[in-house]
Structure formats: structure tokens, C-alpha cells
Amino acid sequence: MSGGDVQSGAGALRSSAGPMQEDAAHRAALRARGAAFVQRSLVRLAAVLTLAILLSIIAYIAVMGLPHISGDLFSFSYNSMNLSLMPALINTLLMTVLSLAIALPLGLGAAIFLVEYTGRSNRFVQIVRLMAETLTGIPSIVYGLFGLLFFVTALGWHLSLLSGALTLAIMILPVILRTAEEALKAVPDAYREGSFSLGAGRLRTVLKVLLPAAIPGILAGVILSIGRIFGESAALIFTAGTVAELPESLFDSTRTLSVHMYVLASEGLHIDKAYATAVVLLVIVFAINMLSAFVASRLTKGGGEGAGHA
Amino acid sequence: MNTKKEIEMPEALTLLELPQTLTGEERSLISISKLNLFYDQVQALHNVNMEIYPRRITALIGPSGCGKSTLIKSINRMNDLVADCRIQGSILLDGEDIYARGMDVNLLRKRVGMVFQKPNPFPMSVYDNIAFGPRTHGVKKKAELDALVERALYDAALLDELKDGLRRSALALSGGQQQRLCIARALAVEPEVLLMDEPTSALDPISTARIEELALALKERYTIVIVTHNMQQALRISDQTAFFLLGELVEYNHTLQIFSEPEDPRTDDYVKGRFG
Ligand SMILES: Nc1ncnc2c1ncn2[C@@H]1O[C@H](COP(=O)(O)OP(=O)(O)O)[C@@H](O)[C@H]1O
Ligand SMILES: [Mg+2]
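Definitions and cut-offs
- Residues numbered from 1 in each chain as written.
- Chains lettered and ligands numbered in written order.
- Predicted model: local features only at pLDDT ≥ 70, side-chain atom pairs only at ≥ 80, totals over all residues.
- Heavy atoms only, no water.
- Axes fitted to C-alpha atoms, helices over the stretch in contact; angles between N-to-C directions.
- Helix = DSSP H or I, 4+ residues; strand = E, 2+ residues; numbered from the N terminus.
- Parallel < 35°, antiparallel > 145°, perpendicular 65-115°, else oblique.
- Left-handed = near helix turned anticlockwise from the far one by under 90°.
- Contact = heavy atoms within 4.5 Å.
- Nonpolar A, V, L, I, M, F, W, Y, C, P; charged D, E, K, R; others polar.
- Polar contact = N/O pair within 3.5 Å; in protein donor to acceptor, adjacent residues only side chain to side chain.
- Near = heavy atom within 4 Å.
- Domains from an automatic or database assignment.
- Buried area = accessible area lost by both parts, 1.4 Å probe.
- Salt bridge = Lys/Arg side-chain N within 4 Å of Asp/Glu carboxyl O.

**With respect to the packing of helix H6 (residues 175-187) of chain B against helix H7 (residues 205-218) of chain B**
All names here are of chain B. For the pair H6 and H7, interaxial distance at closest approach is 9 Å and the crossing angle is 20°. Considering their axes alone, H6 and H7 lie roughly parallel with respect to each other. The chirality of how H6 crosses H7 is right-handed. Residues Gly176, Gln179, Arg180, Ile183 and Leu187 of H6 pack against Ser207, Arg210, Ile211, Leu214 and Leu218 of H7. Here the residues of the contact of H6 with H7 sort into five nonpolar, three polar and two charged.

**Focus on the side chain of Asp239 of chain B**
Residue and element names in this part refer to chain B. Along the chain, Asp239 falls in the loop between helix H8 (231-237) and strand E9 (240-245). At 3.0 Å, the side chain of Asp239 and the side chain of Lys219 are in polar contact. Contacts of Asp239, omitting those with residues within four sequence positions, involve Arg56, Ile57, Lys219, His254 and Thr255.

**Examining the site of ligand 1**
Residue and element names in this part refer to chain B. Close to ligand 1 lie Tyr39, Ala44, Ser64, Gly65, Cys66, Gly67, Lys68, Ser69, Thr70 and Val82, which account for all nearby residues. Between an oxygen atom of ligand 1 and a main-chain N or O atom of Gly65, the distance comes to 2.7 Å. Per element, the largest residue contribution to the shell around ligand 1 is three residues, and it comes from helix H1 (residues 68-75). Classifying every residue of the shell around ligand 1 gives four nonpolar, five polar and one charged.

**Topic: the domain arrangement of chain A**
Residue and element names in this part refer to chain A. Assigned domains of chain A: these are domain 1 (3-66) and domain 2 (69-309). Spacing between the C-alpha centres of domain 1 and domain 2 amounts to 41 Å. At the interface, seven residues of domain 1 touch six residues of domain 2. Carbon and sulfur atoms supply 78% of the area buried between domain 1 and domain 2, which totals about 580 Å² over both sides. It is Ile61, Gly65 and Leu66 that lose the most area in domain 1 upon contact with domain 2, and together they represent 66% of the buried surface on that side. Taken together, the links from domain 1 to domain 2 amount to zero salt bridges. If you look at where domain 1 meets domain 2, you find two residue pairs in polar contact (both at pLDDT 80 or more). Classifying every residue of the side of domain 1 that touches domain 2 gives six nonpolar, one polar and no charged.

Given below as C-alpha cells:
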């Protein structure tokens, strides 16, 4: 290892100072080398362990699920024979698009307001930030109960796609807000100065210079949110219900893939199908991640290498 | 004229040949009077009075923190972006008070362009960088934008290097090219004044020389105010030089006068490299 070479090289240089010092220097070098070795090994072990745990989960799900993937698992309508995941899959996508359509404009707008239109040490900003941070940490069941009381009961929207989507939108709003805020703050002030110095107003600066530069960060928040939506079951069982059909309107009850798996697993009769569904869910999440990475690289092409963080 | 060993004076020029711009014969373009500027409680500029003449290069020199950037940013009101920045006194641009109530700041910044210390092209193509300003001010037609972009590139001495690379990312250019691109970007909105805040401090000597050449060429049509740390640079390109110390304008005169026979001993110390 090169680190070791440098250490012993330093020891050799010092050897002219006398045998005593040489000995001490040599021992110090050995000790440093030993410490470095231990540190490296620990870090490596942690990495290997993490990877091993992840891989074994994936492998376990694949082994349990793959043999049970069959054609009728994807048939267009659900019945207790085929246990099709197709309606749930489509519902998941609907739920995702709907929640994002509500939360993204709100969260992004709020982030723009907080970063670009108010002072950085503004009192109000600090309160909003504290609230957002708190809200990100709340268990999703709390959102579910709120959705149940407010959308389902008080507004009378029943267990429905809309109640579920709004509940999820509230749940991911702080995530989107925080990530978009960080992304905007990471855009160098030099871009703001450049834009203002050319006579551009604040809105134009935000829309044409800052947002494009912040897109990778914003997208990261969106991906995180999609992950939470795909993985959510508790909040949805209370707000969107568990009907395994495609909704005919916003006010119909639906189940997403996660809820679908929860129901299959809790009924206990179709564990194999639950695993098969899990495989499909994994593949989709993987695909979404790949897709958004691709989109991010596409969107930042105009800026070339290192766009937005030069 | 005894102690100016370290500064080479162009031989042909003598003080007698200088344009008489500081004596009031010519009308100034920018007139700064009784300017006091505070950052919160700290006063960064003390009663600055200064006339800046059209189609000249005016250099601002002085040690770090003496308020050069602060002054230059007051001329296009970039200081508005700093919270707790207070300004007293007035700056007139062509007779119009730029801090007057009804002033359109965006329009002011269109008239007074700025180039920064570190090149700051946007993360977009070369073309979009230059077209940003004109688009901001309402130019939409492709042909018109194309012409403006080409013109700005030509004026910034970049056309030959970049005319086939308009779609390239501006961030892929060299530092010197990026700075000239920023100059082109500022020129594309057809300003009257160009403010340059140490535009060459991040550049190598060759790129620096090119920017200096460019500044000299541009003063035919623009009024240039340049902040520089480099006294040779002030001497090479500027007509007037203003020396600042601790937020005060110590001395303002023809550049050769400032460098050869300054009136104030503090100026003398600074230009001869005794401090700063
Ligand atoms: N945004 C700011 N907020 C508070 N103080 C500032 C700010 N910008 C500059 N100053 C202070 O104003 C003084 C002048 O700074 P500046 O104009 O940047 O000097 P120069 O460009 O000559 O180096 C310095 O003391 C500096 O600390
Ligand atoms: Mg400065």
C-alpha cells in the first residue's frame, strides 16, 4: 500500500538522526499503519455487510416470488382466483401522479418563496423550516388518521383515490419542500448576480436560471417522494381503502400495490402471490430510479459537465 | 519622478497630452456625490464624490476591503440585493438619479452592465448565455437574436473561437473564454456603461492581456469602470484612476498623474507598493 511506503520512507529519512529516534519513528509508523489498516477494514466490513443484507433481501424475495409470477397475475381485472396485481399497479401510478401533481407545485412554490423571496434569516422561514422538519419525521399512520378525520369524514369524500392522494400529498410536501429548498440554496449566488446584473427580474431569474440549475436536486426529492408513495400502506388503508378495482372516479376507493401486498399477506392465504407482487414492485421502483437518473442527466445536458454546481 | 522604478511609464505619453477630463470641460456620464454607504452599522463608503467620464476607462484601486466593489455595485444597484445595505447621497447617470423612487432597476442594469471577479456564465449553451439578456428585454425573433449574439461575440473577441461552438456548454470553456463570454453577455443588452470588478484576478497572464486589449477596444463605445488590484493594469489601460482607502476616496486624477506625482502621501505609498 502506498500509505505504508510513505510512512517507512519518512522513517528512513529520519534514520540519520540516530538509532534511538529511528526506532521511535519506526514504531510510530508501524502504529499509524496498523490504525489505518483497522480503520480501512472496519469501513470495508460495514460496506460489505450493508451490501450483503440488501442483496440477501432481494435474493430472498426473488426466490420466493419469481416462481409464482404468472400471466394471470397481470390480468386486467382482479378476482379471488387470479389475485391480479394489475389494478393495484395502475392505482399506484394514479395515486403517485395525483399526489405529485398536488404536492410538487405547492412544495416547489413554497421553496422558491422561502429561498428567493424572503431574507435568509427570516423568522417566518425558520418556523416553516422547523415545521417541515417535524412533519418529515411523523409516522405515516398519523397522516392516515388525519386524512380519515378530515378528507374522509369531515369533507365526506369517503375512502377514495382523492382522499388518499391528498393525504399522501401532505405527507410528501415537507420532503419536496426541503429538498427543493436545499437544491435552490446550492445554486451559486454568482448565477443570481449574473442574472440580476443583466436586468432580469426575480421571477425570470428563478424560472430561467435557478430552477434549471436546481433540477437534479429537485428530482431527487421527487424520487424520494415516489419511493414513499410506493411504500405507503398505513396511511392509505385509512384514506383510500382496499378495493382492488380500478376507480371510475376520484371518489372511488382504490388499493395500491403496497396495500395489495399488505392485504394478501394479512389474509395469510396467498403469501406466494404477495412475494410475486413484491418482485414486481421491486422491479418498478428500480425502473423509476433508472428513469429519473436518465431524465436528470438529460435535463442537465445543456449545462454540460457539473451543471448547477460549478 | 524619483522613486517610480517599479512602474514602467509609456514613453510617448506626457502629462501635457492628456485629455482635460477632470477639469470640468467635459460633461461626466456618472456623477457620484456625497455617497455614504452602510452595511448594517458599518460604514463602508465615506462621502465619496466622483465624476466618471464617458468613453474612458476609470480604474478604482486600493487595498482589499476599502470599498471598491461596494462603490461599483452601487452604480448598478446590485447593493439592493444585500439586506441591511443603506445608501445616502446620490448617483446620477446622465443626469438622472438612479436611486430615485420611480427608477426601474432592471432598466438601469440594462444600461449599466457588469462583469464579475469570477467568470459566472450560466450553465447553458454559449448562445443561450448571450441571448439571455436580450430575451430578458423582449427580443424574441430568432434572426434578431442571432445577429445580437454574433455581434456580442465579435465585440468580445470570441467570434473566431466560438462561432462553431454556439451550442457548446459555456461551462466547458476555459476561464479566459468564460470571462470574455461574460463580457459578451453584458454587451448583448447594449449597455452604456460596463462595470468590471477585478475581471482578470482569476485569469492567467495571457487571458488577462486579452481582456485588457478588449477593454481598450471597447472604450471607443462604452464607459468602463474597472476595479483592479493590479497597478500595472490600471496604468496600462485606464485614463483616470481613483485611489480608495478605508472607504474614502483619497485621490482621483489622471492615471499618469496618480502614478507619477500623486498629491496625497497615502496614494504615493500605495502606488509605490509600500502597503496594500
Ligand atoms: N455584503 C456585505 N455585508 C457586510 N459588509 C460588507 C458586505 N460587502 C462588503 N462588506 C464590507 O465592506 C467593506 C468594503 O468591502 P468591498 O467593497 O468588498 O471592498 P473591496 O472590493 O475594495 O475589497 C469591507 O469592510 C467589507 O467587509
Ligand atoms: Mg472587491
